[in-house]
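Descriptive analysis of the structure
Now for the letters of each chain:
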Amino acid sequence: MTVVADPEPDSGRFDSPDSAQEQTPRQAAAAIFSSRLSELIAESVVSTEDGSTRGLTLYSLAQHLELAYPDVPVSQSGLYRLIHGDAIPRLDLIIALARVFDVPPEYFVTAEKTR
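Below is a summary of the structure that appears in this document. (Residues numbered from 1 in each chain as written. Predicted model: local features only at pLDDT ≥ 70, side-chain atom pairs only at ≥ 80, totals over all residues. Heavy atoms only, no water.)

**Things to note about the packing of aromatic side chains**
Keep this limit in mind: Whether two aromatic rings pair depends on their centres lying within 6.5 Å, for rings of Phe, Tyr and Trp, where Trp uses its six-membered ring; planes under 30 degrees apart make the pair stacked, over 60 edge-to-face, and the rest tilted. Think of it this way: any DSSP run of H or I at least four residues long counts as a helix, any run of E at least two long counts as a strand, and we number them from the N terminus. To sort residues, take the accessible area from a 1.4 Å probe on protein chains only and compare it with the maximum for the residue type: under 20% means buried, over 50% means exposed, and anything in between is partly exposed.
Counted according to the given criterion, the structure contains two aromatic pairs. Residues Phe 33 and Phe 108 carry aromatic rings whose centres are separated by 5.2 Å and whose planes lie at 40 degrees to one another, so their mutual orientation is tilted. Here Phe 33 is found in helix α1 (residues 25-42), whereas its partner Phe 108 is found in the segment after α4 (91-101), with 75 residues between them in sequence. Arranged with centres 5.7 Å apart and planes meeting at 80 degrees, the rings of Tyr 107 and Phe 108 form a pair that is edge-to-face. What makes Tyr 107 buried here is its relative accessible area of 3%. Taking the relative accessible area as the measure of exposure, Phe 108 reaches 0% and is therefore buried. Site record: aromatic cluster; members linked through ring pairs are Phe 33, Tyr 107 and Phe 108.

Below, the structure written as structure tokens:
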């Protein structure tokens, strides 16, 4: 994990190692989660009823989550907002996604890539 010292401790902002812009903790968390979820979706495939495979879509992921974890509210538009860094996921959704993708929940919230 990379920690960058903040020259203004009260500013509440962090330097991003990937960009020259400063980020708030919320923005940094959204960026990490977004990149992790995007990577997992990009490398995932689903089987169709006719036996063929295709790439995972936000719609099919939302449907799967709704069936597997009915107590975890999620929608395709909610996943879209998460993928684009416009929202921060709830803990229950992080745990559900970790189970779906067979990764530890920490995978979604740490800058280190451990699987």
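Moving on from the model shown.
**A short note on the nonpolar core**
To keep it simple, the criterion reads: Only buried residues count toward a nonpolar core. Its members are Ala, Val, Leu, Ile, Met, Phe, Trp, Tyr and Cys residues joined through side-chain atoms within 4.5 Å. Note on definitions: a residue-residue contact is assigned when non-hydrogen atoms from the two residues lie within 4.5 Å.
Leu 37, Leu 61, Leu 65, Leu 97, Phe 101 and Phe 108 are the most contacted members of the largest nonpolar core, which totals 25 residues. Listed by contribution, the elements that provide at least two residues to this core are α1, α2 (58-68), α3 (76-83) and α4. When residues of this core are assigned to their parent elements, the largest contribution, six residues, is made by α4. Once residues within four sequence positions are removed from consideration, Leu 61 is found in contact with Leu 37, Ile 41, Leu 56, Leu 79, Leu 97, Val 100 and Phe 101.

**Concerning α4**
Along α4, the residues that are buried comprise Leu 93, Ile 94, Ala 96, Leu 97, Ala 98 and Phe 101. Where α4 ends, the next residue or the one after it, Asp 102, has phi of about 55 degrees, a positive value.

**Regarding the environment of Pro 105**
With respect to the helices and strands, Pro 105 occurs in the segment after α4. Judged by its relative accessible area of 31%, Pro 105 falls in the partly exposed class. Between the C-alpha atom of Pro 105 and that of Ile 95, which follows or precedes it by ten residues, the distance is 5.6 Å. For Pro 105, the residues in contact, after removing those within four places along its chain, are Ile 94, Ile 95 and Ala 98.

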